[in-house]
Structures are given as C-alpha cells and as structure tokens.
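Residue-level listing of the chains:
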Amino acid sequence: MIKIEKVFIVDDEPALQFFYEKLLTMYGFEVVGIGSNGIEAISMFKSFPIKPKVILMDQRMPEMNGIEASKAILQIDNRVKIIFISADITAREEAISIGAFLFIDKIFTINDLIDDINRAIENY
Amino acid sequence: MKVLIVDDKKENLYLLERIMKKLGYEVELAENGKQALEKLHGDNFTMVISDILMPVMDGFQLCQAVRSDKKLKDLIFIFYTATYTEKEDEDFALRLGADKFLKKPLKAEIFIEAIKNLIQEQKVNQNKPRERIVKNEKEIMKLYNERLVQKLEKKILDLEKETFVRKKLEKNLNERVKELTCLYNISNLSEQPDISMEQFFIKTLKYIQQGWQFPDETCAKIVYSGQEFKTENFSETVWRQKGDIKEFGKLVGYLEVSYLKEMPTFDIGPFLKEERNLINSVVKILKRLIERKKNEQKLKESEERYRKAFNRAEFYKDVFAHDISNILQSIMSGAQISELLFKKTEEFKDLKFTAQIIKEQVNRGAKLVSNIRKISKLEEDRQSLKKIEILYILKKSISFLKKSHQLKKISVQLNYAEEKFFIKGNDFVEDMFENILTNAVRHNKNLIMEIIVKISREQKNGLSYLKIEFLDNGIGVSDLSKEKIFQRGNSQEKGFHGMGLGLSLVSGIVKDYNGKIWVEDRVKGDYSKGSNFVLLIPEVD
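Residues numbered from 1 in each chain as written. Chains lettered and ligands numbered in written order. Predicted model: local features only at pLDDT ≥ 70, side-chain atom pairs only at ≥ 80, totals over all residues.

Right, let's talk about the overall build of chain A for a bit. A tally of helices and strands in chain A yields five helices and five strands. For chain A, the residues scored as buried account for 48% of the 124 residues in total. Put simply, of all contacts in chain A between residues at least 6 apart along the chain, 65% involve residues at least 24 apart. (Helix = DSSP H or I, 4+ residues; strand = E, 2+ residues; numbered from the N terminus. Buried ≥ 20, exposed ≤ 12 C-beta atoms within 10 Å, placed from the backbone. Contact = placed C-beta atoms within 7 Å.)

A count of helical and extended segments in chain B gives twelve helices and 16 strands. Long-range pairs, those at least 24 residues apart, make up 66% of the contacts in chain B between residues at least 6 apart in sequence.

A few words now on the sheet that holds strand β6 (residues 218-224) of chain B. Residues and elements named next belong to chain B. If you trace the four strands from one edge of the open sheet to the other, you get β7-β6-β9-β8, paired in antiparallel fashion. In the strand order of this sheet, the two ends are held by β7 (227-230) and β8 (240-247), each with one partner. Strand-to-strand twist of the sheet, defined as the mean angle between neighbouring strand axes without regard to direction, takes the value 15°. Sheet contacts for helix α7 (residues 197-211): β6, β7 and β9 (250-259); angle to β6, the most-contacted strand, approximately 150°. On the sheet, helix α8 (residues 273-343) packs against β8 and β9 and is oriented at approximately 25° with respect to β8. (Pairing = 2+ DSSP bridges. Axes fitted to C-alpha atoms, helices over the stretch in contact; angles between N-to-C directions.)

Further remarks concern the packing of helix α1 (residues 14-26) of chain A against α8 of chain B. One can describe the packing of α1 of chain A onto α8 of chain B by two numbers: an axis separation of 10 Å at closest approach and a directional angle of 35°. The handedness of the crossing between α1 of chain A and α8 of chain B is left-handed. Across the interface between the two elements, Ala-15, Leu-16, Phe-19, Lys-22, Leu-23 and Met-26 of chain A of α1 of chain A pack against Asn-326, Gln-329, Ser-330, Ser-333, Gly-334, Ile-337 and Leu-340 of chain B of α8 of chain B. When grouped by side-chain class, the residues that make up the contact of α1 of chain A with α8 of chain B number seven nonpolar, five polar and one charged. (Left-handed = near helix turned anticlockwise from the far one by under 90°. Nonpolar A, V, L, I, M, F, W, Y, C, P; charged D, E, K, R; others polar.)

Listed as interface residues are 21 residues of chain A and, on the opposing side, 24 residues of chain B. Here the side of chain A that touches chain B takes seven residues from α1 of chain A, the largest share from any one element. Among the residues forming the side of chain A that touches chain B, the class breakdown is eleven nonpolar, three polar and seven charged.

Residues and elements named next belong to chain A. On the basis of which strands lie adjacent, the open sheet formed by five strands has the order β2-β1-β3-β4-β5 and parallel pairing. Each edge of the open sheet is held by one strand with a lone partner, namely β2 (30-35) and β5 (102-105). Neighbour-to-neighbour, the strand axes of this sheet turn through a mean angle of 20°, independent of strand direction. Across five bridges, the pairing between strand β3 (residues 54-58) and strand β4 (residues 81-86) is parallel. Along β4, the bridge assignment pairs Ile-55 with Ile-82. Each of β1 (6-10), β2 and β3 is contacted by α1, which is oriented at about 170° to β2, the strand it contacts most. Its contacts with the sheet place helix α2 (residues 38-47) against β1 and β2, and it is angled at close to 140° to β2.

Let's shift gears to the environment of Lys-409 of chain B. Residue and element names in this part refer to chain B. Counting through the fold element by element, Lys-409 comes out in strand β11 (residues 409-415). Considering only alpha carbons, one finds Lys-409 and Leu-447, 38 residues apart in sequence, at a separation of 6.5 Å. When neighbours within four sequence positions are excluded, Lys-409 is seen to be in contact with Leu-447, Ile-448 and Met-449.

So, about the nonpolar core. By size, the foremost hydrophobic cluster in this structure holds 41 residues, and its most contacted members are Met-432, Ile-436, Leu-437, Ile-451, Phe-470, Val-506 and Val-510 of chain B. The leading source of residues in this core is helix α11 (residues 429-442) of chain B, at seven residues. With sequence-adjacent residues up to four places away left out, Phe-470 of chain B is seen in contact with Ile-436, Leu-437, Ala-440, Ile-451, Val-453, Asn-532 and Phe-533 of chain B. Of all hydrophobic cores here, the second largest spans 38 residues; its members include Ile-9, Met-57, Ala-69 and Ile-110 of chain A. (Core = buried A, V, L, I, M, F, W, Y, C linked by C-beta atoms within 7 Å.)

In the segment running from Lys-106 of chain A into Ile-107 of chain A, the intervening peptide bond is cis, with an omega of 15°. Structurally, the position occupied by Ile-107 of chain A is in the loop between β5 and α5 (110-122). Omega for the peptide link from Lys-104 of chain B to Pro-105 of chain B comes to -10°, which places this bond in the cis form. Note that Pro-105 of chain B resides in the loop between β5 (100-103) and α5 (108-124). Unlike most non-glycine residues, Glu-63 of chain A shows phi in positive territory, near 70°. Along the chain, Glu-63 of chain A turns up in the loop between β3 and α3 (66-76).

With that settled, consider the pairing of strand β15 (residues 516-523) of chain B. Residues and elements named next belong to chain B. Pairing geometry for β15 and strand β16 (residues 526-538), over seven bridges, is antiparallel. Its bridge partner being in β16, Val-523 is matched across the sheet by Asp-526. In this antiparallel pair of consecutive strands, β15 and β16, the connection spans two residues, and Gly-525 shows a positive phi of 90°.

So, on to the packing of helix α9 (residues 348-380) of chain B against helix α12 (residues 502-512) of chain B. All names here are of chain B. It is at 10 Å that the axes of α9 and α12 come closest, and there the two elements cross at 30°. Taken together, the axis directions place α9 and α12 in an arrangement best described as roughly parallel. In the packing of α9 onto α12, the handedness of the crossing is left-handed. When α9 is examined against α12, the residues Asn-371, Lys-374, Ile-375 and Leu-378 are found in contact with a partner set consisting of Gly-502, Ser-504, Leu-505, Gly-508, Ile-509 and Asp-512. Considering only residue class, the contact of α9 with α12 consists of four nonpolar, four polar and two charged. (Parallel < 35°, antiparallel > 145°, perpendicular 65-115°, else oblique.)

Limitation: the analysis is restricted to geometry and does not speak to function.
This is the structure in structure tokens:
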C-alpha cells in the first residue's frame, strides 16, 4: 500500500489555501491542516499526533511571520521539511539560515511545487 | 664750491644733499653743531645750511661760533628749521648773523630758488663784510635763553595738547575695540550650527551691553515675532536707539538699546555714531541668522516630507508587490487546477468555485490598482467637501459587495432609524464603505458571512456625529493589531500585513472628513468572534 504523505499548509490568503489543499489532495497528499498565521501554525503543529513531513509556509502573515513560526516549529520537530513560498525574496537567506528546506518564489507552477514537495519527502 | 649740511635727521640730510649736488655743489654732512665746526675747520666751505634743534650743539650755537671765528665768519650761513619757527626765532637768527632763515618744509624748487637768490645777493654785496648784529655775549646769551625757554614752554603746551588728544584717541580706540569684540562675538555666535534663536537673542543682548560705552547703564531688548527678549536690567527710557529686524524684506521685529539714565551727549543723542552703526550691523547679523534658520527649517520640512513620501511609496510598492503576487499566484494555480478538473468533470462544483476564485482575484487585483490610485489622489489634492447623503451610498456599496462575491453567502443587515443621513464628504465615501465591507468578507472563514451595519447618532463635545458600525463574524483583529491595521506608509512593519491597502485608504478618507475610525471586538474580550469597525463622522443638517 502506498503511504499517504502528510502536508501542513500555512498561508493567510484564502484563495491560496483552497488551491494548495485542492492541489495536494489531487496529487495524493493528505492535508493535515491549514494555518492562517504564525501563531495558529505553531499551536496546530503541536496538536498533530502524527507530525507532517512537509510544511508549505508563507512568509508574510498577520500576528507572526513564517520565519518566526518556523523557528518555533523546528524546535518542536527538527525533521520537518519547511518549504517557504513567498514573493518577498528578501526573506530567502534568513529562511534558509534558520533551517528551512527550500525557498520558492511566487509565481510558480503546480508541477514545480509537486516536484519540490516530493524532493522534501525524499530528504526526510 | 663746497657746502656743509647740518641736521640730526638722516632723511633731511639726504634730501638736502641731493638738492645741493644737483645745484652743482660739493656736499659734506654733519649731524650736529660740534661735528659741523670740526668739519668747517678741516676744509674750505662756501656755505652752511643748518637745522636749529640738534643734540650736543644746536644751530644757534653753531651760528654764533661761526660768526665769532675769524676764519669762518664769512661763510654763507642758512638756517633751515622745523621747530624754531616763531618771528622771534627768525629775528634772533638774523641778529646772530645768519644770512637766511628758511622754515621747513619747503618745496624743493622754492628752496632752490631761495638758495640761488641768496648767492646772487652775496655776489652783489661781495665787499661788505657779514657780521653779527649783536656783539654783546651777554645779550646773546639772554636772547638765546629766551628762545630756549620759549621753545620749552611751547613744547610743554604741545605735549599737553598731545596728551589730551592721545587720551581721547585711546578712549575712542577702546570703544572701537569693545564694538569690534561685540560684533565678533555675535558673529561667532551666529555661526554656531545648532544654536537656537532664543539662545542667540539672549547672548546677543549680553554682548551688546558689553559693547556699549557705559555697559553698567546700558540695557537692550529684542522683539521678534511677538516674543520679547530683554537684558535683566531692562527698563524703558527716553535715551534709546532702535534697529529694525527684517526677514526676507518683511519687518519682523526690532533691536532696541537704551541708557538707564541721562548720559553725556555724544554724536547722536547720548550715543556714539559708531554705536548707531553697531546696531545696524547687529540687526544685519540677526536678519542673516533668522533667514538661515528659516531656510534650514524649510529644508528640514522638505526633507521630512520627502522621507515620508519615500516611505509611503516603499510601503505601497511593498504591499502592491506582495498582494499582486498572491493574486497572480491564485490565478495561476486556479487556471492550472481548472485544467486538471476539466479532466475529471465529476468535480464540477470545485471547477465552478475555482472559476469564481479566478474572477474574484482579478477583481481584487483591479481593486488594488484602484486603491493605490485613490490613495495617491487623496494625498495629492484634497477634494472640497460637500453635503452628501450617505444611506443611499451605503446601500449601493452593499449591493456591489454581493455582486462581486456571488459564490459566497453574504448576509448584510442594515439598521437605521431615519431615511437620510448627511455628512460633509466627497466621491470617496463609496470607497470608504466598500473597503470596510470587502474587508469583512475577505477575512471570513464562515460559510455564511454575516455583516450588521448600524447607523446611530452620538453627541461629543457639543457636536453631532454619525456613528456607523460594521459588525462581522470574520476572523477578527487581535489587540496587538487593532491600531496597526490603520497605519499607513509604515514599511518598517513588514512582519504585519494582510489587509492590503483598503484600510489605509479608509483611514485617510475618514481623517479628511474630520472623523475617526477604530476597531473593536464584536464580542468584547474575544476577538476571534469577529470585529466591529466603527466610523464616527461629523453630521450636518
């Protein structure tokens, strides 16, 4: 039986939340949750009984940004692969330096994203 | 022919030597009577030209000695004097046997003329022996002493006069030094880059006091732009002088210097004319400083405006780039998902929803562009405000909201007591309502999005306000963000965003209407139950 990989989505943009979820489901991933900001993301991540292997992380969000949230999440589980998706390329270096797996610039295509998620899972 | 010139001053000797040589004489020089006698005895001379006042042996004594000497008594003897110039001096000289008495200074041609004439006379009277008129040694001594005493008295008198003049000059010099010091200090003060106007005025007054003839009795004040600065001892008196302070040609104040009591009369009233000049100079420095300060201020303001404008532009650019990226990403993902869904037509509902999202994102993009345009227009030209009925506009905005979010279930309840409400507004009223309403829908995860709009009246400080509340069941605004969401042009707040530019625009419009906007929790203490955006705008009848 093929193992269904778990992915956690963190983005404040409702349209993107819908698309990411739809897309990942169509490609056979399990979306374990959708967080709308950094603080929500941390508390949701804590609550997952089985931690997802991949997080799609937005950088700019209200309350707490992706970098801060990622720092806290990596403290809880340093194996999780965090893929940053942001138009704000100024955050790229910092994201990588705190231990993010990848930084994807908006605007990307679905194929690219699926490839990147699969790569992250291979590296898990 | 040989001539002996006797003078204790080198420059006189030099001058006469040149003149006499030009006339064809052989010239010998002596510095006093004693030296002259020695030279006369040592050689054959035709003529002696002698000064009177000299050390060791003066001209009178020399003349007497020459005329008493058998060998020398026929010499032509000329006095050329600067000090013994009285009629009595000349008389005595001639009585001693001098041939000519010339007073210094003489122009060279006149001197030459006199010498030539004398030579001519000598030729005519060649056979007449020259002798001194006074034979009696005692009488000569008496006359000589008289000349000396008289000279001495005159010297003393001159000295007194000179002392008086010198003292006056010294006092004047002293005053000028004080005035210069005063100007120098004030000028230095004005060069200090960070001195405030107040500090400058106060210190200037102190320097002026010190620069005046009678510092202890001097007081001064500066009046500038309705403010008065005075020396501690200031008191209004009649002995005063004033200088106008101008700023870019406009009269903005004056400097006044007064004496506390009546003072001896000087050039202008009790003042020196230099003090008048000093006031004028100080006033000019004041003018320059004030104008410099004003220019610096203008530059500062302009820099500040530029900085603000720059920050705003950066902020808008930032928001624009971020939101546009999200919008484009949504459209891109939506289009690609549509393709995938077309292959599995059983997921028709999702396909329809995706298409709706794409349309929404396009609308959102258009709205972002429009908001950016409007914000910059709002800042550029303040539109004049006119009386506007807002209920009609509010209803229009609500129907626009529903039309542009057709797939969403939006319920808007409008509560009001009257049919018409007026405020002083402009074309932006519609944008104000639309942005608040769109915001309530955009940040809402519920299946049914509920919005309640309430219009009521509120009295505040004797003014009547319209209170318009927008209650929603959206995700709410945490206390941390309640103020930030309205801040505009603050690109330092990169960590915070999510509201696009809508609320920035609303906050700018409300400010223009002299109103206020803030956000409360719909359910007090639990922001996650939704927000209440409150507008308070002055009502007009």
